[in-house]
Amino acid sequence: MDKIRFEKVTKTFFIRDEKKKGAQREFTAIRDIDFSVKEGEFITLVGPSGCGKSTLLDLLTGLTRPTKGRLLIDGREITGPGLDRGIVFQQYALFPWKTARGNIEFGLEAKGIPRSEWKERSEYYLDLVGLKKFADRYPHELSGGMKQRIAIARSLAFDPDVLLMDEPFAALDAQTRETLQSELLRIWQKTGKTIIFVTHGIDEAVYLGERVVVLTANPGTVKKIVDIPLKHRLEDADIKSNPVFVEKRHEVWNLLHEPEFIGAHI
Amino acid sequence: MVSFDKPVQLDGKGKIQKASAHSTSFLGKAFKKSIVLILFVLLWEIAPQYGLVEKTFLPPFSEVVRAWWDLLVTGELWRHFEASILRSLFGFILALAVAIPLGLLIGWYPLARDLFTPILELFRNTAALALLPVFILILGIGEVSKIAIVLFACTWPVLLNTISAVKNVDPLLIKSARSMNISSFKLFYKVILPASVPTIFTGIRMAGTGAILVLIAAEMVGAKAGLGYFITYAQYNFLIAEMYAGILTISLLGLLINYGLSSAERYFSRWKQ
């Protein structure tokens, strides 16, 4: 069965009209988004600015509802936020007054997990992201990469089925980003979560995703879903020169550089 | 008289200590910190002795200290100190008890915020001392009017800082917490409240400074006890050394309050850079 299903999802907002003072006009952020994500699948979404990636994620989070269409998780419509989904933001969104461990426990408490299990669970997930020794550090005492690891641990610790990631590595330096990409693949293989990963980076999308959803902008629609038949991503040390990677990367690049994108900022 | 204010205002914010951590030894650090203070006291001592200033109007430091000691031994100083500190503490704590919950409430509801902020700004910018005659007119010259004016002066900085603290909580943190499906109540006391603490404390420290300032002035106008009263009393009776002893005590009181509030602020904001 499909884990997540977008059924002709459209979202419109009312925004300020630039031409008429005081008036509002309708703005379509995404239109007729229609695709499914399988259980345990790693799917990446890539598109230019204005392709409605944030809108899509807000809908998945349950913070907003579609204007038209339905958004299903396990066959049930999403009606609000829930702990069956965990979110990782680009800017980490860690609570600065809580230590690494405290941040992880925040999610455990929200989920209603008994206090007696907190220590064991937080230790496990800190270990999973390789930060066991940093449990009692405050976020400002951690580097960007470490913060993002903690944020990932926090989202995994309450054991959601789906992990939603909003450009999680965009603010990191290139080297840290590569490390975290392969760590994420390792964590994905180990935990079997369904992951929806939004990114600006074509390389990142192709490297991580089993499928890459290419979006168009204004309004956001699905242009094409590209299968990436890459095996042994973690074992292949120089996967970016693998012919399959090169070919798929080029295909996604082409999709993003077709005429309707001329003038758009990717 | 004016020169006394300066060392009080310059007192440590904790961060200064870190900056001088490079000094080689403890003694070196102590020397760097106290040398200007020592020179100031020396100047105060010597200048009147050598007739650089009129001794009658500025007695040497040692004479002031002696007067201070005598006042301390007789219990006279303590009586005034106690009166002042009780009034300011009472008004200050009342202000916190009123302003923090009210600020949280107003900050949380955008409509309340938009409605109340202009009038609160007006009150904040009305010098409390300008209202002293009104307070005395309505509440008399007893304790009530003095506590009330401290309450008035302390309320606005705390209230406005609390409102802006709640308003300026990082929306991403709220989004992150809400995505975890927590209740509005929990969101409030698990996210909004802790995120607001440092900004609220800035208001509290402003209020602490204001409390003393306003109280001393109020005591100068109409009171039978308190440090402000004591200073004017000493001046009218030409007890100049005693007057300076009173001023010195106010400096010490200000230092004490600022130090206490700074420590509390550091404790509550220890997770910040």
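Residues numbered from 1 in each chain as written. Chains lettered and ligands numbered in written order. Predicted model: local features only at pLDDT ≥ 70, side-chain atom pairs only at ≥ 80, totals over all residues. Heavy atoms only, no water.

**Looking at the packing of aromatic side chains**
So, step 1. In this structure the tally under the stated criterion is 21 aromatic pairs over all chains.
So, step 2. Relative to B:Trp271, the ring of A:Trp97 lies with its centre 5.8 Å away and its plane at 70°, an arrangement referred to as edge-to-face. Here B:Trp271 lies in the segment after α12 (240-268) and A:Trp97 lies in the loop between β6 (85-88) and α2 (100-111), a pairing that spans two chains. Residues A:Trp97 and B:Trp271 agree in their burial class; the two are buried.
So, step 3. An aromatic cluster is defined as three or more aromatic residues linked by ring pairs; in this entry it consists of A:Phe42, A:Phe169, A:Trp188 and A:Phe197. (Phe/Tyr/Trp six-rings, centres within 6.5 Å; stacked < 30°, edge-to-face > 60°. Helix = DSSP H or I, 4+ residues; strand = E, 2+ residues; numbered from the N terminus. Buried < 20%, exposed > 50% of the residue type's maximum accessible area, 1.4 Å probe, protein only.)

**As for unusual backbone geometry**
Excluding glycine, most residues fall at negative phi; most peptide bonds, likewise, are trans.
Residues and elements named next belong to chain A.
So, step 1. A cis amide bond, omega -10°, links Asn218 with the succeeding residue Pro219.
So, step 2. With a phi angle near 45°, Glu167 is a residue other than glycine that sits in the positive phi range.
So, step 3. Turning to its location among the elements, Glu167 is positioned in the loop between β7 (162-166) and α5 (174-191).
So, step 4. Classification of Glu167 as buried rests on a relative accessible area of 13%.
So, step 5. Positive phi outside glycine occurs at His232, with the angle close to 50°.
So, step 6. Relative to the helices and strands, His232 is located in the loop between β10 (221-227) and α7 (243-256).
So, step 7. On the basis of relative accessibility, which here comes to 57%, the residue His232 falls in the exposed class.

**As for α5(A)**
All names here are of chain A.
So, step 1. Taking 1.5 Å of rise per residue, 18 residues should cover 26 Å, and α5 covers 25 Å from first to last C-alpha, within 8% of that figure.
So, step 2. Residues of α5 that are buried include every one of Leu180, Gln181, Glu183, Leu184, Leu185, Ile187 and Trp188, and no others.
So, step 3. At the exit of α5 stands Gly192, carrying a positive phi of roughly 65°. (Expected span 1.5 Å × (residues − 1).)

**Brief notes about the domain arrangement of chain B**
Residue and element names in this part refer to chain B.
So, step 1. Annotation of chain B at the domain level lists domain 1 (13-57) and domain 2 (62-272).
So, step 2. Distance between the C-alpha centres of domain 1 and domain 2: 29 Å.
So, step 3. Taken together, the 7 residues of domain 1 in the interface contact 9 residues of domain 2.
So, step 4. Carbon and sulfur atoms supply 56% of the area buried between domain 1 and domain 2, which totals about 630 Å² over both sides.
So, step 5. Here domain 1 is connected to domain 2 by 2 residue pairs in polar contact (both at pLDDT 80 or more).
So, step 6. Looking at the side of domain 1 that touches domain 2 residue by residue, the classes come out as 2 nonpolar, 2 polar and 3 charged. (Domains from an automatic or database assignment. Contact = heavy atoms within 4.5 Å. Buried area = accessible area lost by both parts, 1.4 Å probe. Polar contact = N/O pair within 3.5 Å; in protein donor to acceptor, adjacent residues only side chain to side chain. Nonpolar A, V, L, I, M, F, W, Y, C, P; charged D, E, K, R; others polar.)

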